[in-house]
Amino acid sequence: MADLGRICLPLALLVCVYGIGASIYGARTGRIEFSDSGRRSVYALAIVLTVAFGVLELAFLRNDFAFNTVADTSSRTTPTFYRAAAVWSSQEGSLLLWAWLLSLWSSLALFLVRRRMRDVAAYATAILLGFGAFFISLMIFYASPFSTTSPAPAEGVGLDPLLRFPTMMIHPPMLYSGYTLCTIPLAFGMGALLARRVDADWIKAIRRFAFAAWLFLGIGILLGARWSYSELGWGGYWGWDAVENASLMPWLTGTAFLHSLMIQEKRGMLKVWNVSLVLATGTLAIMGTFLVRSGILNSIHAFGGATLGVPFVALIGVLIAGSIYLVVSRRDMLRSQHRLDSLLSREAIFLGNNIVLVALCFVIFWGTYFPLISEAFTGTEASVGPPWFDRYTVPLALLLVLLSGIGPVIAWRRATLANARRNFAVPLLSALATLIVLLAAGVAHKAFAIAMFCCAAFVLGSISQEFFRGTRARRAMAGEALPVALVALVRRNRRRYGGYVVHLGIAVLFVGVAASSSFQHAVEQRLPVGGSTHVGKYTVRYVRPTATITPKNDAVHTGSTLNIGAVLDVSKGGRHVATLSPSEGFYDSGEPAQGTVGHLIGGQAVSHISMSAGVTRDVWTAIAPDISTPALQRIVSIGNRTLPADEGVVALGVLAREYLKHPPAAQFHFIVSPLVMWIWIGGLIVLGGGLIAIWPAPSAVRRRVAMRSRARTARGLARA
Amino acid sequence: MEILIAIIAGVLLAVVFVVISAPLRAARDVEDGDVGASTESEQALQAAATGRGYERAELEAARETKYREIRDAELDLRTGKLSREDYDAIDSGLRAEALELLDRLEALEPLEQKPSGESLTPGKANPELEA
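The shown structure was predicted, so the numbers you read here are calculated from the model rather than taken from an experiment.

Student: Before we move on, could you go through the overall build of chain A and cite the residues and values that matter?
Tutor: Assigned secondary structure in chain A consists of 21 helices and ten strands. What you see for chain A is a C-alpha radius of gyration of 28 Å, in line with the 27 Å of a compact globule of 720 residues. Taken along its principal axes, the extent of the C-alpha atoms in chain A is 100 × 70 × 60 Å. Expressed as a percentage of the 720 residues in chain A, the buried residues total 55%. Long-range pairs, those at least 24 residues apart, make up 76% of the contacts in chain A with a sequence separation of at least 6.

In structure tokens, the structure reads:
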């Protein structure tokens, strides 16, 4: 089957090269049949890469270890679900996933605009196929997912245990969908500049894809944070890791674009800014991919030590130079048609929000690439840590949340002070009430957290007021019942009210971040069985040890050969709160040199945390059991000496029994974090709001709305 | 297995060829069926129709946005974000802009309603105008 995959890649490259040529020829000569043929090349690319991806997926499911990538990232003991998703855990597989998703999303985008903007779409097709050709070339010349070894090894190395977590398996496709979707607005932006058609039509065509990119990136980032919190054993959800930052940067510029494009749509302003944001977002998405693949910066998420740095740097260089050239050479066409009517207008707030978002992106960019910058100038690689990021990002985040509450209560074009005073009353009162409650609760020493809670209360007040007033207006107009009026209001104004829900979700998310980072209690302690410790107001007692050896019996079925843990009793004020069972999974190293028994537990040890999650707080626990005691090591060495290769697991059984009979003290990590769950709830609210905003209005509704607007316009014009 | 792979690869190649070449084959079929057509005039007509299609698309996008702006201003009034005076000034401005767009769209329409001569290729409807 590898041969079929190997045939697919050059065929896909050929399709890309042809499509690029046909699209450019079609765009320059106006020969529609060539533009169409170029567009269909993208469909053909999707077909070919679907076959290629299917071949690789099949190889993983069939344990075909002749494929090097299967042997390196899967094994017979890897559970089937993780085996299916292991395709994108390798460098080669993830490149194929990237190219495949690019072809699918590009096909969808080009299909939807097939009868519009033929000149812009033809250039966009060429650019998208250029990206496709780049990634396919990487697979052909640097990292082929279809390289094989003969004879095939009997067993694979297995999937990295850290990746055996459901959200981690969904996280890459989400993130890659976000990255690849970011290239669609970039391609259309460049296409519009090349075709010299930079008016409303291209913005309209890419708006939904820009939103989808934002949504998928957001989901991917959130899933990554959840994985970090639940799997990495350090109890945090965001560590300002280079790869995390790389995914956040295009999300920030994408958010800025989604706001400023409304100004271009409504006022014909900010054309240079918008096209620059689109190009920057796409370029940052490619840079994010580069960071993961080049191994240039240390990250827990990166495929380090790879050789893909140079091609990526070349691509990024071309993108940056091309973007600058296009924007500068088309600057006359990108002049604004209007000016700001008033600083007290939604446009002005959106501008402020754009500046904050871009400033955040710049800070993160500087901090992320600082090791490279410092090395270039001083010769030594210095890096900045979370405190550096927090110093700059926390005030900017506060400002951002505040602006997300101000924007919705200010009108487009101009607002009067009298209206502003009336509209700000409820949000300000909400913030003030929150401040009083917090001060009364005695948390005055956490200034940033208090400020964030107040800003979030301000947002909650402004969004609630908007929904209330909108529904009331709808009821007055249509005489509908309250729920019907609310649904009708949202349905008729999806972008506006979906956006409001997103703002609310962001505020909720930041409340979770502020509370969990400011009021967290963390304790690391070694405890014997029966020992206990205090974490905040909670008492945690080590009740008894646990040990299992059958892979299918490990708590989360990750395929570990030995799982050792503890049963913990959590109480508060003498009342039982929860029983937790953290454990650590030991995995087969696949190294026979470690001995019959030694190799079974010689692989990476992975912490399986246990927590009691609630709306007010999470009690989070992790264990690092000690299996290096002389008694346990003696069992391993005797097993290594005496047992045949296929009976090593017998010694593991003895080891587990011995551990249960004479459990040594274990190292524990306890964290009590307030309101963490609101980070995930906030994320879900953002997702819900995003779906409301992106969901297409039924065509009938759209027509009816348009007809009513036309009728109203005509009536108004007749009166004038 | 090798035969199976060869068959799949052959089918894949054929599918790719069919998908990509369909517009070129259709254009050639049309050319073969209308040998007497003037290529230059056809291309000029095609360019004019395409240019008009672009302008129409731009105007329609601007019109939809203008309608949305009118609705937004109305909602801003009803939710207390705009005073009546500001709303009247903004609304009349928006409606005047909408009228200008409608006039420009109307000016395009007589040309586009011609029953013949609009097709980019003889015997085939202009996809730009179908949209």
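Student: Pulling in residues and values, what's your account of the overall build of chain B?
Tutor: Helix and strand content of chain B: four helices and zero strands. The N-to-C order of helical and strand elements in chain B reads α-α-α-α. Counting every position in chain B, which comprises 131 residues, the buried fraction comes to 25%. Partitioning the contacts of chain B with sequence separation of at least 6, the portion at a separation of at least 24 is 73%.

Student: Would you mind going over unusual backbone geometry in detail, with residue names and values included?
Tutor: Residue and element names in this part refer to chain A. The omega angle of the peptide bond from Ser150 to Pro151 is 0°, so this bond is cis rather than trans. Positionally, Pro151 belongs in the loop between helix H6 (118-141) and helix H7 (166-194). Phi at Met117 is positive, roughly 45°, even though this residue is not glycine. By C-beta crowding, Met117 is classed as buried, having 26 other C-beta atoms within 10 Å.

Student: Describe the sheet that holds strand S8 (residues 610-613) of chain A, and please don't skip the residues or the numbers.
Tutor: Residue and element names in this part refer to chain A. The strand order across the open sheet formed by four strands is S1-S10-S9-S8, and the pairing between neighbours is antiparallel. Either end of the sheet is taken by a strand with one partner, and the two such strands are strand S1 (521-527) and S8. Strand-to-strand twist of the sheet, defined as the mean angle between neighbouring strand axes without regard to direction, takes the value 10°. Relative to strand S10 (residues 666-674), S1 runs antiparallel, the two being bridged by seven bridges. Directly across from Arg526, in S10, lies its bridge partner Gln667.

Student: Can you break down the pairing of S8 of chain A residue by residue, with the values?
Tutor: Residues and elements named next belong to chain A. Strand direction decides the pairing type here: S8 and strand S9 (residues 617-624), joined by four bridges, are antiparallel. Its bridge partner being in S9, Met611 is matched across the sheet by Trp620. What sits between the antiparallel neighbours S8 and S9 is a turn of three residues.

Student: A description of the packing of helix H14 (residues 417-440) of chain A against helix H15 (residues 447-478) of chain A should follow, citing residues and the corresponding values.
Tutor: All names here are of chain A. One way to put it is that H14 packs onto H15 with a least axis distance of 7 Å and a crossing angle of 145°. Two packed elements cross with a definite hand, and for H14 against H15 that hand is right-handed. Mapping the contact onto sequence places Val426, Pro427, Leu428, Leu429, Ser430, Ala431, Thr434, Leu435 and Leu438 in H14 and Ile450, Phe453, Cys454, Ala457, Phe458, Leu460, Gly461, Ser462 and Gln465 in H15. Of the residues belonging to the contact of H14 with H15, the class tally is 13 nonpolar, five polar and no charged.

Student: Quick one: what's the story with the nonpolar core, residue by residue and with numbers?
Tutor: Residue and element names in this part refer to chain A. Within the largest apolar cluster, 212 residues are counted, with the highest numbers of intra-cluster contacts made by Ala12, Val48, Ala52, Val401, Ala456, Phe510 and Val511. Ranked by residues supplied to this core, first place goes to helix H8 (residues 200-231) with 21 residues. Each residue touching Phe510, except ones within four places of it in the same chain, is listed here: Ala397, Val401, Met452 and Ala456.

Student: Explain the interface of chain B and chain A to me, using residue names and the numbers behind them.
Tutor: Contacts between the two partners involve 50 residues from chain B, matched on the other side by 52 residues from chain A. Of all elements in the fold, only helix H1 (2-33), helix H2 (39-78), helix H3 (84-112) and helix H4 (127-130) of chain B reach the threshold of two or more residues within the side of chain B that touches chain A. In the side of chain B that touches chain A, the residues fall into 30 nonpolar, eight polar and twelve charged.

Student: I'd like a rundown of the confidence of the model for chain B, residues and numbers included.
Tutor: Residues and elements named next belong to chain B. Chain-level statistics for chain B give a pLDDT mean of 73 and a share of 66% at 70 or above. Put simply, H4 is where chain B has its lowest mean pLDDT, 32, and H1 is where it has its highest, 88. Contacts from residues 114-131, a stretch scored under 50 in pLDDT, to residues over four places away or in other chains number 33 contacts. What the predictor reports for the complex is a pTM of 0.86 with an ipTM of 0.77.

Student: How would you summarise helix H2 (residues 32-61) of chain A if you had to cite specific residues and measurements?
Tutor: Residue and element names in this part refer to chain A. The terminal C-alpha atoms of H2 lie 43 Å apart, and with 30 residues this matches the ideal 44 Å at 1.5 Å per residue to within 8%. In terms of residue burial, H2 counts as a mostly covered element, since 24 of its 30 residues are buried. Looking one or two places after H2, you find Asn63, whose phi comes out positive at around 55°.

Student: A description of the pairing of strand S6 (residues 583-586) of chain A should follow, citing residues and the corresponding values.
Tutor: Side-chain direction in a regular strand flips from residue to residue, so the side chains alternate between the two faces of the sheet. Residues and elements named next belong to chain A. Burial along S6 is two-sided: the residues Ser583 and Gly585 and Glu584 and Phe586 are all buried. Pairing between strand S4 (residues 562-572) and S6: four bridges, direction antiparallel. Its bridge partner lying in S6, Leu562 is registered against Phe586. The pairing of S6 with strand S7 (residues 606-608) spans three bridges and is antiparallel. Following the sheet pairing, Glu584 is matched in S7 by Ser607.

Student: Now, about the environment of His608 of chain A: what can you tell me, with residues and values included?
Tutor: Mapped onto the elements, His608 of chain A comes out in strand S7. On a C-alpha basis, the gap between His608 of chain A and Thr546 of chain A in space is 13 Å, while along the polypeptide they are 62 residues apart.

Student: Any details on the environment of Trp202 of chain A? Residues and values, ideally.
Tutor: Residues and elements named next belong to chain A. Relative to the helices and strands, Trp202 is located in helix H8. For the pair Trp202 and Gly317, spaced 115 residues apart in the sequence, the C-alpha separation amounts to 25 Å. Sequence-distant contacts of Trp202, defined by excluding residues within four places in its chain, comprise Met117, Val120, Phe188, Ala192 and Arg197.

Student: Give a description of the environment of Ser430 of chain A that names residues and reports values.
Tutor: All names here are of chain A. Examined against the element boundaries, Ser430 turns out to sit in helix H14. Taking the C-alpha atoms as reference, Ser430 lies 61 Å from Gln633; in sequence the two are 203 residues apart. Sequence-distant contacts of Ser430, defined by excluding residues within four places in its chain, comprise Ala457, Phe458, Leu460 and Gly461.

Student: So what's going on with helix H11 (residues 309-329) of chain A? Residues and values would help.
Tutor: Residue and element names in this part refer to chain A. With 21 residues, H11 should reach 30 Å at 1.5 Å per residue; the first-to-last C-alpha distance of 30 Å fits that figure. Residues of H11 that are buried include every one of Phe312, Leu315, Leu319 and Ser323, and no others. Looking straight down H11, one finds its buried side chains confined to an arc of 65°; they lie on one side. In H11, those exposed residues whose orientation departs by more than 90 degrees from the buried face are Val310, Ala314, Gly317, Ala321, Ile324, Tyr325, Val328 and Ser329.

Student: Describe the packing of helix H1 (residues 2-29) of chain A against H2 of chain A, naming the residues involved and giving the relevant values.
Tutor: Residue and element names in this part refer to chain A. Closest axis-to-axis distance for the H1/H2 pair is 8 Å, and the angle between their directions is 165°. If you check the angle between H1 and H2, you find them roughly antiparallel. Between H1 and H2 the crossing geometry is left-handed. For the contact of H1 with H2, the per-class residue count stands at 22 nonpolar, eight polar and no charged.

What counts and how
Residues numbered from 1 in each chain as written. Chains lettered and ligands numbered in written order. Predicted model: local features only at pLDDT ≥ 70, side-chain atom pairs only at ≥ 80, totals over all residues. Helix = DSSP H or I, 4+ residues; strand = E, 2+ residues; numbered from the N terminus. Rg over C-alpha atoms; globule rule 2.2 N^0.38 Å. Buried ≥ 20, exposed ≤ 12 C-beta atoms within 10 Å, placed from the backbone. Contact = placed C-beta atoms within 7 Å. Pairing = 2+ DSSP bridges. Axes fitted to C-alpha atoms, helices over the stretch in contact; angles between N-to-C directions. Left-handed = near helix turned anticlockwise from the far one by under 90°. Nonpolar A, V, L, I, M, F, W, Y, C, P; charged D, E, K, R; others polar. Core = buried A, V, L, I, M, F, W, Y, C linked by C-beta atoms within 7 Å. pLDDT = per-residue confidence, 0-100. Expected span 1.5 Å × (residues − 1). Arc of directions from axis to C-beta. Parallel < 35°, antiparallel > 145°, perpendicular 65-115°, else oblique.

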